[in-house]
Amino acid sequence: MSDSQIIERTLGGEPEAFNILVHRWERQIYGLTLRMLGRDEEAKDATQETFLSAYRNLPKFRGEAKFSSWIYRIALNICNTKLRSRAKIAISIDEQRETTGFELADDSEDLTSNIQQEQVARHVRRALQGLPADMRQVIIMKEYEGLKFSEIAEILGIPLSTVKTRMYTGLSEMRKRLEHLREAM
Amino acid sequence: MDTNKTPDCNMREALIAYLYNEATPEEVRRVEPHLKECAACRREMAAFESVRGMLQQWQVDELPGIRVVATSQGASVRSMLELLRELFTATPLWAKAFGAVAMAVLVLAVMGTEVKIGREGFSLRADIMRRGPGESAALPDQREPNPEKIELTRAEVKALVDQMILESERSESVELKAQLVGLESALQNMKSDDLARLAARIQQQQAQIRTLERDIDRREGLDLTDILFSELTTGSTQESGTGAQGGGQ
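Residues numbered from 1 in each chain as written. Chains lettered and ligands numbered in written order. Predicted model: local features only at pLDDT ≥ 70, side-chain atom pairs only at ≥ 80, totals over all residues. Heavy atoms only, no water.

1. Regarding the overall build of chain B
Item 1. Along its length, chain B carries eight helices and two strands.
Item 2. Contacts in chain B between residues at least 24 apart in sequence constitute 45% of all its contacts with a sequence separation of at least 6.
Item 3. Total accessible area on chain B stands at roughly 19200 Å², and carbon and sulfur atoms take up 58% of it. (Helix = DSSP H or I, 4+ residues; strand = E, 2+ residues; numbered from the N terminus. Contact = heavy atoms within 4.5 Å. Areas by Shrake-Rupley, 256 points an atom, 1.4 Å probe, with all protein chains shown as cover.)

2. Considering the overall build of chain A
Item 1. In terms of regular secondary structure, chain A is built from eleven helices and zero strands.
Item 2. Each helix and strand of chain A, placed in order from N terminus to C terminus, yields the pattern α-α-α-α-α-α-α-α-α-α-α.
Item 3. Looking at chain A residue by residue over its 185 residues, the buried ones come to 49%.
Item 4. Accessible surface computed for chain A: about 9100 Å², of which carbon and sulfur atoms make up 46%. (Buried < 20%, exposed > 50% of the residue type's maximum accessible area, 1.4 Å probe, protein only.)

3. What about the nonpolar core?
Item 1. If you look at the biggest cluster of nonpolar residues, it comprises 72 residues, and the most contacted ones within it are F67, V124, L128, L171 and M174 of chain A together with I16 and L55 of chain B.
Item 2. Tallying contributions element by element places helix α2 (residues 18–37) of chain A first for this core, with ten residues. (Core = buried A, V, L, I, M, F, W, Y, C linked by side-chain atoms within 4.5 Å.)

4. Section: the environment of E32 of chain B
Item 1. Take E32 of chain B: it is sitting in helix α2 (residues 25–37).
Item 2. For the pair formed by E32 of chain B and Y18 of chain B, sequence separation is 14 residues and the distance between their alpha carbons is 8.9 Å.

5. Description of the interface of chain A and chain B
Item 1. Of the residues lining the interface, 46 residues belong to chain A; the matching set on chain B comes to 38 residues.
Item 2. Counting the surface lost from both chain A and chain B, the interface buries some 4200 Å², and carbon and sulfur atoms represent 63% of this.
Item 3. A salt bridge links E44 of chain B to R175 of chain A, with the nearest nitrogen and oxygen atoms 2.3 Å apart.
Item 4. Listing elements by their share of the side of chain A that touches chain B, those giving two or more residues are α2, α3 (40–56), α7 (117–129), α8 (133–144), α10 (160–177) and α11 (179–184) of chain A.
Item 5. By residue number, the principal contributor to the side of chain A that touches chain B is α10 of chain A, which donates eleven residues.
Item 6. Class assignment of the residues belonging to the side of chain A that touches chain B gives a composition of 23 nonpolar, nine polar and 14 charged. (Buried area = accessible area lost by both parts, 1.4 Å probe. Salt bridge = Lys/Arg side-chain N within 4 Å of Asp/Glu carboxyl O. Nonpolar A, V, L, I, M, F, W, Y, C, P; charged D, E, K, R; others polar.)

6. Overview of unusual backbone geometry
Residue and element names in this part refer to chain B.
Item 1. The phi torsion at N10 lies on the positive side, around 60 degrees, for a residue other than glycine.
Item 2. Assignment of secondary structure puts N10 in the segment before α1 (12–19).
Item 3. Judged by relative accessible area, N10 falls into the exposed class, the value being 70%.
Item 4. At N21, a residue that is not glycine, the phi angle is positive and equals roughly 55 degrees.
Item 5. Along the chain, N21 turns up in the loop between α1 and α2.
Item 6. N21 sits in the exposed class, given a relative accessible area of 73%.

7. So, the packing of aromatic side chains
Item 1. All told, the structure shown has eight aromatic pairs over all chains when counted by the stated rule.
Item 2. Ring geometry for W25 of chain A against Y72 of chain A: centres 6.2 Å apart, planes inclined by 80 degrees, an arrangement best described as edge-to-face. In this pair, W25 of chain A is assigned in helix α2 and Y72 of chain A in helix α4 (residues 67–85), connecting sequence segments 47 residues apart.
Item 3. With a centroid separation of 6.1 Å and 85 degrees between ring planes, the pair formed by F61 of chain A and F67 of chain A is classed as edge-to-face. Take F61 of chain A and F67 of chain A: they sit in the same class, and that class is buried.
Item 4. An aromatic cluster is present here, built from F61, F67 and W70 of chain A joined pairwise through their rings.
Item 5. Geometry around W58 of chain B places R35 of chain A over its ring, the cationic atom sitting 5.4 Å from the centre.
Item 6. Positioned above the aromatic ring of F149 of chain A is the side chain of K142 of chain A, whose terminal nitrogen or guanidinium carbon lies 4.3 Å from the ring centre. (Phe/Tyr/Trp six-rings, centres within 6.5 Å; stacked < 30°, edge-to-face > 60°. Lys NZ or Arg CZ within 6 Å of the ring centre and 35° of its normal.)

8. Digging into the side chain of K82 of chain A
Item 1. Relative to the elements of secondary structure, K82 of chain A occurs in helix α4.
Item 2. Given a relative accessible area of 16%, K82 of chain A falls into the buried group.

9. Describing the confidence of the model for chain B
Item 1. Summarising the model, chain B shows a mean pLDDT of 68, and 53% of its residues fall at 70 or more.
Item 2. Within the model, pLDDT remains below 50 along residues 73–83 of chain B, and this stretch shows five contacts once partners closer than five positions in the same chain are excluded. (pLDDT = per-residue confidence, 0-100.)

10. Points about α3 of chain A
Residues and elements named next belong to chain A.
Item 1. With 17 residues, α3 ought to run about 24 Å at 1.5 Å a step, and its terminal C-alpha atoms sit 24 Å apart, in line with that.
Item 2. Of all the positions in α3, only E42, A43, A46, T47, T50, F51, A54 and Y55 are classed as buried.
Item 3. Residues of α3 that are buried sit in contact with α1 (3–11), α2 and α4. (Expected span 1.5 Å × (residues − 1).)

11. Considering the pattern of salt bridges
Residues and elements named next belong to chain A.
Item 1. Taken as a whole, this structure holds 14 salt bridges over all chains when the rule is applied.
Item 2. Note that D40 is salt-bridged to R125, the shortest N-O span being 3.0 Å. You can see D40 sitting in helix α3 and its partner R125 sitting in helix α7, a full 85 residues away along the chain.
Item 3. On the basis of relative accessible area, D40 is assigned to the partly exposed category, the value being 33%.

Set out below in C-alpha cells:
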C-alpha cells in the first residue's frame, strides 16, 4: 500500500491506519533527528512531535509533494526550532579540541589498530554537530537518508545548485574535522 | 602544499554530482577529463570518498518505538469505552450496586426467570433452564402472561432491589464510619505523640533552666565570697601594713 493510499484511509475514517506510516517512516525520521540534534532523548521527542504534527496536519497535506518530503520538512522544522531554542553555549575549548584534533595525534600508531567503528561513529557525531545546521542537514539527508539532490532541494525549498554547494562545503569541513582520524585509519 | 585546501576550479557542483552518481551526461563529459588533469581535484574527491566512508560508520539501529494513538477526532477525543470506564470510576458505590442489580434483573427478565422471596428464602426459576427440548413455546396456555403474577413478581423484584440498595448504603456507611474512626484514632495518636514530644522538650528545658540557675547561684556565691575574702584580706593587709609602719616609726 502506498503512502498516499494510507493517507486516504486515515482521512477516510480509519485513523489507526496512520500507524502504518509511523512504522514505515520512524527509522528515517529518528535517524534524521538524532543526527541533527545529536542527543538521543531530544531526538526521540522530535520524532514523536514530527508524527503528531503530521497526523494533526494531515488534512492539509495536498499530495502535490511526496509524503516523505513533507514529513522530512516537518522533522527538520522541529529540529531547527529545538536547535534555536538551545542556549547558544559556545563549544568549550575541550570540545573543540576533541572535534578538531580528536586527541589522536599523539598516539595515532596505536589507534591505527584500535579504532573501532564505535569510536569513529562518536567522532563523526561530534564533527557533524560542529557543522552549521544548513550544511549538516544536507549531508544527513544525502548520506543517511539517501535522497537525491533534487529531493533535498524540494524539502528545503532552496535551489538545486545551493544544495550541491552546501554539500561540497560541508564535506570539505568534515574532511578537515576528521583529518586526524583519517590519517589514523 | 596544503592538501586540505579546496581546489578552485569552478567545478564544485559538477564534482559533487559526479561523486554521488547524479551528474548529467554533460557534467560527466566535463568532470572526467578534468579529474585526469587536476591532481588537487583528484585528491579532493578521494578525501570526500574517505569522509563518506567514515560517515557511514555512524549507523542508528535503535528505534524510538513511536505509536500515534489515532482517533477520528484527534488525540484528545476519548472512546466510548473510556468514557464509560471513567463514569463507572466516578460513580458512588450505591449507584454501582443499583446498576448491577438493574442489569441482573434485566438479564433475568430477558431469560424469563422468576425471582421469588418467600419463607424458604430467595429462589430463582428460569424458563431457559426449565424448558426442555420437548417443551416448546407451542403451549400457549403456559406462555400466556398472568397479570397478577407479573405484578407480584414486579413487587418482589422491587423489594429485592430496595433491600440490596439499603444493604449497599448500609455497608457504605459502615465503611465510612470505619474510615472516620481510623482517621480519628490516627489523629489521636499523632496528638498524643506530639504532646509527649512537647512534654519531653519542656522537661529538658526545665532541666536546663535549673542547671543555669545553679550556675548563676554558684557564681554569685563565689563572687560574694571573693569580695568578702578580698575585703578581709585587704583589711588585714592594711592593718598589718599600718602596724609595720607604726613599728618602723
